[in-house]
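Here's the letter readout for the chains.
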Amino acid sequence: MLGEKQLPTQEVLPANDLMISGIRDSVFIADLNGKIVFANDQACKVHGYTKGEFKGLNVIDIVPPERVKEVMPHINKVKAQGYSIHNSIHRCKNGEIKISEISLRLIEMDNHEYILALFKDISEFQTKIQTYVAAQEKEREWVSIEIHDRIVQNLSGILHQINALTLCKKPFNKDKRDKLDELSGQLNNTIIEARSIMRELYPSTLARYGLIRLIQEESIHLQDEMHCEIKFNHSLTKAVPPYLETTIYRIVHEALLNAKKYSQASQIVVDLNRTDKNISLDICDNGIGFCLKNVDWIRPSGLQSMRQRAEIVSGTFCIRSGVKGTCIHVLLPIINHIMPTLSL
Ligand SMILES: Nc1ncnc2c1ncn2[C@@H]1O[C@H](COP(=O)(O)OP(=O)(O)OP(=O)(O)O)[C@@H](O)[C@H]1O
Ligand SMILES: [Mg+2]
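Residues numbered from 1 in each chain as written. Chains lettered and ligands numbered in written order. Predicted model: local features only at pLDDT ≥ 70, side-chain atom pairs only at ≥ 80, totals over all residues. Heavy atoms only, no water.

Trainee: Where do I start with the coordination of the magnesium ion (ligand 2) in this structure?
Mentor: Geometry reference: four tetrahedral donors at a metal, ideal angle 109.5 degrees. Six octahedral donors, ideal angles 90 or 180 degrees. Protein ligation of the magnesium ion (ligand 2) involves E254 (OE) and N258 (OD1), the donor distances falling in the range 2.0 to 2.2 Å. In this pair, E254 and N258 are both assigned in helix 9 (residues 242-263), four residues apart and thus about one turn of the helix distant. Residue class for N258 comes out buried when judged on its relative accessible area of 16%. (Donors = N, O, S within 2.8 Å, 3.2 Å for Na, K, Ca; no water. Helix = DSSP H or I, 4+ residues; strand = E, 2+ residues; numbered from the N terminus. Buried < 20%, exposed > 50% of the residue type's maximum accessible area, 1.4 Å probe, protein only.)

Trainee: I tried to follow the sheet that holds strand 2 (residues 36-39) on my own but got confused; where do I start?
Mentor: Two orientations exist for strands paired in a sheet by backbone hydrogen bonds: parallel and antiparallel. The sheet built from five strands is open, its strands ordered 2-1-5-4-3 with antiparallel pairing. The open sheet has two edge strands, strand 2 and strand 3 (83-91), and neither has a second partner. Across this sheet, the average inter-strand angle for adjacent strands is 30°, counted without regard to direction. Relative to strand 2, strand 1 (residues 26-31) runs antiparallel, the two being bridged by three bridges. Bridge assignment links A30 to a residue of strand 2, and that residue is I36. (Pairing = 2+ DSSP bridges. Axes fitted to C-alpha atoms, helices over the stretch in contact; angles between N-to-C directions.)

Trainee: How should I be thinking about the pairing of strand 3 in this particular structure?
Mentor: It is a general feature of regular strands that their side chains alternate between the two faces of the sheet. Most of strand 3 sits inside the fold, with seven of its nine residues counted as buried. Bridge analysis of strand 3 against strand 4 (residues 97-109) gives nine bridges, and the strand direction is antiparallel. Looking across to strand 4, one finds that N87 is bridged to E101. Between strand 3 and strand 4, which follow one another and run antiparallel, lie five residues, and G95 among them has a positive phi close to 90°.

Trainee: Explanation requested: the side chain of T316 in the structure shown.
Mentor: For T316, the position within the fold is in strand 9 (residues 316-322). We classify T316 as buried; its relative accessible area is 15%. Beyond its immediate sequence surroundings of up to four residues, T316 is in contact with R67, E70, A310, H329, V330 and L331. (Contact = heavy atoms within 4.5 Å.)

Trainee: What exactly am I supposed to notice about the packing of helix 8 (residues 211-226) against helix 9 here?
Mentor: Packed helices, taken two at a time, are described by the angle their axes make and the gap between the axes. Close contact between helix 8 and helix 9 brings their axes to 11 Å; oriented N to C, the two are set at 5°. As summarised for this structure, helix 8 and helix 9 are arranged roughly parallel, according to the angle between their axes. Listed contacts from helix 9 to L211, L214, I215, E218, L222, E225 and M226 of helix 8 are E245, I248, Y249, V252, H253, L256, A259, K260 and S263. Each residue belonging to the contact of helix 8 with helix 9 can be placed in one class, and the counts come to 10 nonpolar, two polar and four charged. (Parallel < 35°, antiparallel > 145°, perpendicular 65-115°, else oblique. Nonpolar A, V, L, I, M, F, W, Y, C, P; charged D, E, K, R; others polar.)

Trainee: Explanation requested: the state of the cysteines in the structure shown.
Mentor: Where two cysteines share a covalent bond between their sulfur atoms, that bond is called a disulfide. Within this structure, the stated rule accounts for one disulfide. Across the disulfide, C284 is cross-linked to C327 (sulfur-sulfur distance 1.8 Å). Taking the sign of the torsion about the S-S bond as the criterion, the disulfide between C284 and C327, at about 70°, is right-handed. With C284 in strand 8 (residues 278-285) and C327 in strand 10 (residues 325-333), this pair connects stretches of sequence that are 43 residues apart. Judged by relative accessible area, which is 17%, C327 ranks as buried. Counting only cysteine sulfurs, C44 is the nearest neighbor of C92, a cysteine outside any disulfide, at a range of 12 Å. Residue class for C92 comes out buried when judged on its relative accessible area of 4%. (Disulfide = S-S within 2.5 Å.)

Next comes the structure, spelled out in C-alpha cells:
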C-alpha cells in the first residue's frame, strides 16, 4: 500500500504554469540539484512561504533534517527511471509537519531537465490508518484477556484436579497412573501454548511495565533459547510516545524471531534511541545473512509487516544483509499533533 508504485509510461512532460497553479495539491518544480524554481498557490498556502521565498529554497529546506539524506536518492531515481512515488514527511515554515504522498516526474523545460513534484497531503488518511491499527491492537488485547479468563484458567483448574488425583492415597494401578501423568503433561503443554498465544496477541508486560522492560525480557528469554548474546542498548531520556510503543515492540519481536529462526548469529544488538523529533531503532545480528533480492515484498510476511508498521506511522524501514549479518534500521518521527490522545 505504501511502497513504490508503477507509472505506466515514462514520457517527459512539459510544465504549464496555468495548468498547475490552481490545483488542490502542492506542486513544485525543482532542478536536478533540488533548487526550487516554481511552487503553485496551494504549495504556498500549505507550506507558508511566498512564491518569491520558495525560489530561494532547495527541497532539503522543506524536509526535516533527519530525512535530508533521502532526497538525493529520490532525485537520482527520477533521473534514472523518469518517475518515483513515495510517502514522506515535510516541514512547513511554521515548523508544522505534514505527511504527503509525493509523486516525482522528470520534465523538460527550455531544453533543461527538471523535476515536477506533486505533494498530496495524506496526514488525515494516515491518522485514520493509525486509529485503525490502534483499534486492532485493542481487539488483540481483548482476545488475549478472553483466552486467559475463559480458557487458561479453566485448563489450570482441570490440571490441578488431575494432579490432585495422582497424589490420591487410594492406589491406582500403574496403567491408570501413567495415563493420568500423560494427561497432566498434555494439559500442561496446552496451557503453555495458550499463554504463548496470549503473549503474542498482547504482551501484558507492555501495559504493566512498559516497552523497555518488555524488550529486556524478550532478549533474556531469547538469549537462553538461542545460546547467543543479545545486547539491548537504549538512551531514552524521555518516554516513547504510547502510540509508537506497539509499533516498536512488534518490529523488535519480528526481527528477533527472524534472527532466532535463520541467522545462526552469536550476537544480536538492539539499539533504541530518541531525540525530540525521532525514535531510531537498529537491530543487527552477526549471522549468515540472506539475499535481499529474493525477498518478495508483495507477499504478506514478517519483513513486509515490519516495513508496513514503520510506514503507517510515517517512518522509514531499511534492511541490509550480507555475509556479515543482517541489520534493520527504523526511523520513526514523533508527530505530536497527529494523535495527541491516542494510546495503544
Ligand atoms: N536475521 C536474518 N538472518 C538470516 N535470514 C533472514 C533474517 N531475517 C529474515 N531472513 C530471511 O528472510 C526471509 C523472509 O523473512 P520473513 O520474516 O519475511 O518471513 P518468514 O520469517 O519466513 O515468515 P513470517 O511471515 O512468518 O515472518 C526468511 O525466510 C529468511 O530466509
Ligand atoms: Mg519472519
